[in-house]
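Residues per chain, in single letters:
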Amino acid sequence: MKRLYRTYDESTQIFKEFQKKFPKNFELSSIGKTWEKRDINIITISADIETAHKKPALFFTGTIHAREWIGHELSIVFAEYILNNIDIDPTLEAYLKSATIYMVPCANPDGFTYSQTHFSFWRKNRRVNADGTYGVDLNRNFSVGFIKSNLTTSNIYGGPEPFSEPETKALKDFVESHENITIALDYHSQGNVFFPAHDFRHEDTLETTDLNVLCANMADKIKKISSREYGIHQGKPPAKLIGGSGREFYYSKDILATVVEVGTRNISDYLDDMNEHLREHIPALIEALKEVPNYDKDNPLKRVENFEVKEIGSNHVNLSWNAKVTKDIFFEIYRNKRDKMYCKESNLIARTQALEFSDTNLQSNTNYYFNIRAVNKRKKLKSPFSPQIKIRTDVEYDEYSRTYYANASQTGYVAENVNNNDKHFGVNSLFVGVDENKGVSYSIITIDLKTIPANAVIKSASLNLYPINRVSTTIEKFGEWNIAIIDQDSIEDITDFDEVENAKVISYIGRPTKSDQLTQGIWRKWELSGIESLALTSQIENEKVIFRVEGPTELKVGRKSQMMQWDIGYGKFGFGLNYRPRLELTYTIEPTINKLYAKSIFTIAKQKIFENEINSGFDQNGNKIYCALEFNLSSLPSYEYTVITNAYIELNSTNNYIKDDIRFHLEFIDNTTKKNYSSILKRKIIQNIGYDVSANDLKNNQTQYFVFDSFAKRELNERLKDKANILFVLTPTSSIKSIKNKKISWEISNDKLAPKLIIEHIPKRRFPLAQISNAKYEIENGKIKISWENPKEEDLVGVKVIKNPYRKPLSSHDGQKIYAGKDNYTYDDFGAKDKDKYFAIFTYDDVPNYSKPIILEYKAK
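All values reported here derive from a predicted model rather than from experimental measurement.

## Things to note about helix α10 (residues 530–537)
At step 1: Residues of α10 that are buried: Glu532, Ser533, Ala535 and Leu536. An end-on view of α10 places all buried positions within 155° of arc, on one side of the element. Turned more than 90 degrees away from the buried face of α10 sit Gly530, Ile531 and Leu534, all of them exposed.
At step 2: For α10, the secondary structure elements touched by its buried residues are β21 (456–465), β23 (480–486), β24 (505–514), β25 (524–527), β26 (544–550) and β28 (582–589).

## Side note on the nonpolar core
At step 1: The biggest cluster of nonpolar side chains holds 86 residues, and the ones touching the most others in it are Phe26, Phe59, Tyr187, Phe194 and Tyr250.
At step 2: When near neighbours in sequence (up to four residues on either side) are disregarded, Tyr250 contacts Phe59, Thr61, Phe142, Leu171, Val175, Ala184, Ile255 and Ala257.
At step 3: Judged by nonpolar contacts, the second largest core, of 40 residues, contains Ile445, Leu463, Val545 and Val847.

## Here's the deal with the pairing of strand β40 (residues 756–763)
If a strand is regular, its side chains alternate between the two faces of the sheet.
At step 1: Counting buried residues in β40 gives 7 out of 8 residues, a clear majority hidden from the surface.
At step 2: Sheet topology places strand β29 (residues 592–597) next to β40; 6 bridges connect them, and they run antiparallel. Following the sheet pairing, Leu596 is matched in β40 by Leu757.
At step 3: Across 8 bridges, strand β34 (residues 642–652) lies against β40 in antiparallel orientation. Among the inter-strand pairings, Tyr648 is bridged to a residue of β40, identified as Ile758.

## What about the environment of Asn700?
At step 1: Along the chain, the position of Asn700 falls in helix α12 (residues 695–700).
At step 2: Judged by its relative accessible area of 64%, Asn700 falls in the exposed class.
At step 3: It is 10.0 Å that separates the C-alpha atoms of Asn700 and Asn656, two residues lying 44 residues apart in sequence.

## Thoughts on the pattern of salt bridges
At step 1: All chains considered together, the criterion is met by 55 salt bridges.
At step 2: The partner of Asp39 in a salt bridge is Lys33, with the nearest N and O atoms 3.0 Å apart.
At step 3: Overall, Asp39 belongs to the partly exposed group, its relative accessible area being 32%.
At step 4: Looking at Lys33, the relative accessible area reads 44%, which means it is partly exposed.
At step 5: Across the pair Asp220 and Lys224 runs a salt bridge, and its minimum N-O distance is 3.8 Å. You can see Asp220 and its partner Lys224 sitting in helix α6 (residues 208–226), 4 residues apart, about one turn around the helix.
At step 6: According to the relative accessible area criterion, Lys224 is exposed, its value standing at 61%.
At step 7: One continuous salt-bridge network, built from bridges that share partners, spans Asp220, Lys224, Glu287, Lys290 and Lys344.

## Notes on unusual backbone geometry
At step 1: In this structure, Pro848 follows Val847 across a cis peptide bond, with omega equal to 0°.
At step 2: Turning to its location among the elements, Pro848 is positioned in the loop between β46 (837–844) and β47 (854–858).
At step 3: Of note, Glu543 is a non-glycine position whose phi angle comes to about 65°, a positive value.
At step 4: Tracing the sequence through the fold places Glu543 in the loop between α10 and β26.
At step 5: Non-glycine residue Asn781 carries a positive phi angle of around 55°.
At step 6: Take Asn781: it is sitting in the loop between β41 (773–780) and β42 (783–789).
At step 7: Residue class for Asn781 comes out exposed when judged on its relative accessible area of 75%.

## Quick look at the sheet that holds β47
At step 1: Read across the sheet, 4 strands follow the order β44-β43-β46-β47 without closing on themselves; strand pairing throughout is antiparallel. In this open sheet, the two edge strands, each paired with only one partner strand, are β44 (816–821) and β47. Going from strand to strand, the sheet's axes swing by 20° on average, the running direction of each strand aside.

Rules used throughout
Residues numbered from 1 in each chain as written. Predicted model: local features only at pLDDT ≥ 70, side-chain atom pairs only at ≥ 80, totals over all residues. Heavy atoms only, no water. Buried < 20%, exposed > 50% of the residue type's maximum accessible area, 1.4 Å probe, protein only. Helix = DSSP H or I, 4+ residues; strand = E, 2+ residues; numbered from the N terminus. Arc of directions from axis to C-beta. Contact = heavy atoms within 4.5 Å. Core = buried A, V, L, I, M, F, W, Y, C linked by side-chain atoms within 4.5 Å. Pairing = 2+ DSSP bridges. Salt bridge = Lys/Arg side-chain N within 4 Å of Asp/Glu carboxyl O. Axes fitted to C-alpha atoms, helices over the stretch in contact; angles between N-to-C directions.

Spelled out as structure tokens, the structure:
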């Protein structure tokens, strides 16, 4: 066996010594006997063993698979840490006053001992089967999802019937007799990923948010210790879901349960890797311990209800919810930009007793994820989480958005030692890295850009891949994965390994992903910088972009693989529409520029009105002299299909000899203001345009630009509705109390220098399309079919269907997308017919503007 790892007998002796030394906090007992008559140890840790079973509890199981030694080893160091720190760490002491820890360090003592002494790769227990073979996979021997099989030699043979094995029977009896268990963690290796429990229906459950947040909070603790990122993946279609595992059995008993896969090898190098894994999981376990009381079945604080979106803008979102409020209860709201992220002080955006919240200063065209829970400050308890809300903010006034998915037939991988690389395109997965069989492997991702305008200017972009499996990435902190934009003229055959390897790189994008950042179940995003976005813009004329994904190209001696697998979203084993490689773009387009000359020009002095001249300053009596400029917007395109993105007024002064401190500012005023002195004095100012210009500025620069700010542009856009006249007044100001007979003239006779309103605008539809009509659902061939009629509008780009089992999806992103396109029907392919849910159907244009949804409420029969 590997040195430094403890045997089962050694751990038993260690636990006996702990019991002698810490009798108040630690207890060792047995919950049953194995086939080979070993005790199945269970340890209890509490602030007070006498009252341990009266408190909610964390249930830890380790090494149910014999060759996965991490669980057994972690239980020893975790117990040692708790016992050595309970009296000196007030936080840990407080947690253990509210919760108990139960640990089964090794759920498979016979198999573990056999793995250490005879055959290290042994997985099952040591039952003698009827045909003379050995072993049952204990993690397939529980009742929920149990699969009957006669393949006794299989590593995943689940036994003759559920709970046929003394080890699983002992776990079952313990859990069923301890209803105080609220969280169960089952430690395995390998993969650096959490696998939360599922209910075999390929649908989010009410506890999905709780499970994801629990795992994400633990993952955040791990990352702080080692920088290693853990993934989170609850079974999603069409992946084959594991049946007969302890995780689903515990979950069926209303326990939050997850498998924790640790490391990149079943039996890691102890000093190099295992030590680090043990250190990083201690704070993660303490993080789970903290949450144990919040999921107590007797917790009076219930889940917040009807958590939903009320309004979404380009930089804000309004949320509301229902819950019982008392003087001791408030709500915590958390916000993230990524799914399956933690909920901690660092992303807590509000504590409130209100039943609504407005989150402002958000970024446009950006995904946000919101979580909420209730808190009782007196009892120091928190409720479970309400199901998570996902939204995407609207695009800004000058922006468009596109999400492009990989072209299946031109997306795949090419491997050095494989002859039929063309067969990998459009099928299954993208393999990137190196292993002994495939050799070096690259992936090619082709994305069509045919629908983006030729004059588009990309403002931001990201390429997103879904890591489906990292088990073959076996070397800790070795190698990195990069993505490059490939020069299409340098490659003729994207299925030829040599051509792909030697293709010319236009630009690498985003930051490289290192091996300890590879995470299964959480999207990996490569965000393009400004320069990289320009490189992407250069590919628009080709109507497509080709990306090459590359990883390490060599292996360490003695290692067989450093290969990452990403989902392609197509084919028999792809996870489907929601998991395809995607390119997300925010862009604008080059504006059309219109120069509008003033319709009328007036100089307005106290004694007289002067048409067709501009003088501004102070008369001989010290009265202000104003000038008014009127423009007309009738030459611009229609308001419904035009957005003014920028505007400024150009004025040119004539000879200026003023040395006094006089400044001039331009005001956007109400266009109903009469052009007389008294009306100008009482004018209603909409907004000052640009900044003040001093007389000294005019000496240095004859031409002055008065630039519209965001508010002024918004008001200008509003005036476009009626193609109205708009009015501006140039106003003089001075710090000198009495200033007389000082004025400046402005050019009007020379067209090049005459006053101009320069307007930049883009063609963009402002308002959503009409909704779909005649929406309905029916059961067809065992699936839920949703159908509707599309509106007859030329600007219709498509219809989007969103599914949400817990609320009406009022946002076009709040749930699982099951369709987007121009058809008038779709199927909930992997959805459960026995679960109530909502379907929301949106129309959208090329901006996209989304219509208000038509909601179908599906009721399971």
